[in-house]
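# Working through the structure, step by step
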Amino acid sequence: MESRGGQLVQALRATLDARAAKSIAEALRELPGGPSGGDVRDAHSILVGRLSDKPKPWDLEPIAEAIREVPGDLSANDAGRCQVAILSALESEGTDRPWLIGRATAVIATKLTREQADGALHQWIGAVAGATDRGKLSVVAAMVASCPWAMPDELVSAAFAKLWLEAAGPRESDSPEGRPLDDQREIQGRWQDEQLMAGLCAVARRLGREDAEGAQRDALHALGAAKSLAQFERIAIVLSAIPREVPRGIWKAEALRLLGSPAGSPMESLSVFSRHDDVICRLARKLSPEEANEVLLRVAEVVDHARAQCQSSPVRQAVPDLVERVDAQSAIDYLKWPSCVGEVRASALAALEKRTGRAFGGNLWQAVVWAEAAGLDVRTPPRRPGR
């Protein structure tokens with residue numbers, strides 16, 4: 001009578017459904033005492049064959065996961081076949097389903113020995129790193145972002161450099177004649193590519209210390225040279241993903257820049273704030289209490305402008321993040337602003353509750369009672385920026 005492991009191998013051989021194959025592989029792994037060596041070899045051979053048969057892009061990851069679920073190491077022959085299959089997928093489908101291929105690649109890498117995996121990743125990334133096609137560049141990002149173990153620094157650095165060059169282009173100083181206007185417009189358009197941005201941020205988070213320093217320098221240079229607020233916003237997002245502290249004062253300056261000049265048009269500032277609230281929220285988390293207070297005061301002005309123009313408040317995320325960063329007195333001072341009502345007040349009170357560990361139930365006067373008991377000034381009018 002055929003063993004349970006043999007029956008599962010036969011079921012694996014018979015199914016053409018990638019997700020069913022994964023379920024069968026999981027059942028094989030969970031057999032009491034584990035599958036026999038012969039069943040493991042047969043299961044690996046069947047699944048690697050499926051991977052080599054150029055499956056649909058959406059079947060790549062479940063097949064890769066099925067290979068991972070089967071216990072034991074791949075034979076040298078099957079490991080080589082996996083590498084070739086991934087290369088084939090990169091060449092045929094890389095521009096259409098980049099993240100699917102990237103995730104499948106990272107899963108396969110876990111079944112290889114460390115030496116095999118390092119060699120395979122060099123080979124895979126090399127196959128697309130020279131491409132100018134953004135879809136294939138995103139495969140590189142997915143490989144780096146999805147890989148479950150530490151990758152060699154040089155691979156992560158090379159992937160980031162390629163993605164950064166695609167987004168930002170060379171520095172103007174690198175070309176004596178500079179870049180023509182049309183090229184500048186193209187570069188700005190690249191920053192709006194969501195797939196490219198996601199890849200940049202994902203790879204940036206895995207940079208080693210030295211590479212992070214270089215990436216930060218390039219990002220700060222690009223931030224200062226940004227040609228539009230939209231481009232500035234995207235560069236700030238990438239910069240915030242780099243695992244290194246930014247020089248003191250940078251984040252405050254950039255948050256204030258996004259909020260607009262106090263002397264600028266109120267409606268222009270309001271429009272900018274509405275568009276960039278999410279970015280200001282990201283920057284707020286990196287501010288010192290003193291810096292956060294300065295930005296919070298500017299936010300109060302923007303909200304005042306909205307109220308004066310009979311506009312609804314543009315605040316969604318930035319106020320609570322800023323209130324959590326400032327000291328308790330500054331938070332109370334913000335609550336004194338005439339424009340701190342409705343949604344703005346509710347978000348500020350919720351942030352103050354989180355910061356202090358107290359419960360005010362959304363009631364301003366309960367916060368006032370607590371503040372007076374804590375010796376905070378609840379009577380002096382709030383300070384306006386520059387005063």
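Structural notes, computed from the coordinates. (Residues numbered from 1 in each chain as written. Predicted model: local features only at pLDDT ≥ 70, side-chain atom pairs only at ≥ 80, totals over all residues. Heavy atoms only, no water.)

Helix and strand counts for the protein stand at 20 helices and 0 strands. Per-residue burial for the protein yields a buried fraction of 49% across its 387 residues. Restricting to contacts in the protein with at least 6 residues of sequence separation, those with at least 24 account for 74%. Looking at the protein as shown, the accessible area adds up to about 18100 Å², and 49% of this sits on carbon and sulfur atoms. (Helix = DSSP H or I, 4+ residues; strand = E, 2+ residues; numbered from the N terminus. Buried < 20%, exposed > 50% of the residue type's maximum accessible area, 1.4 Å probe, protein only. Contact = heavy atoms within 4.5 Å. Areas by Shrake-Rupley, 256 points an atom, 1.4 Å probe, with all protein chains shown as cover.)

A few words now on the nonpolar core. Ranked by size, the top nonpolar core spans 36 residues in total, and within it Leu12, Leu47, Leu51, Ile67, Val70, Leu74 and Cys82 carry the most contacts. Listing elements by their share of this core, those giving two or more residues are α1 (4-14), α2 (18-29), α3 (37-52), α4 (57-69), α5 (76-93), α6 (98-109) and α7 (114-129). Here this core gets 7 residues from one element, more than from any other, and that element is α5. Other than its neighbours up to four places away in sequence, leucine 47 contacts Leu12, Ala21, Ile63, Ala66, Ile67 and Val70. Membership of the second largest hydrophobic core comes to 33 residues, among which are Leu155, Trp164, Ala204 and Leu283. (Core = buried A, V, L, I, M, F, W, Y, C linked by side-chain atoms within 4.5 Å.)

Here we take up the packing of α2 against α4. Between α2 and α4, whose axes approach to 8 Å, the crossing angle comes to 10°. Classified by the interaxial angle, the pair formed by α2 and α4 is roughly parallel. In contact with Ala18, Arg19, Ala21, Lys22, Ala25, Glu26 and Arg29 of α2, α4 contributes Trp58, Asp59, Pro62, Ile63, Glu65, Ala66 and Glu69. For the contact of α2 with α4, the per-class residue count stands at 7 nonpolar, no polar and 7 charged. (Axes fitted to C-alpha atoms, helices over the stretch in contact; angles between N-to-C directions. Parallel < 35°, antiparallel > 145°, perpendicular 65-115°, else oblique. Nonpolar A, V, L, I, M, F, W, Y, C, P; charged D, E, K, R; others polar.)

As far as function goes, none of this settles anything; it's purely spatial.
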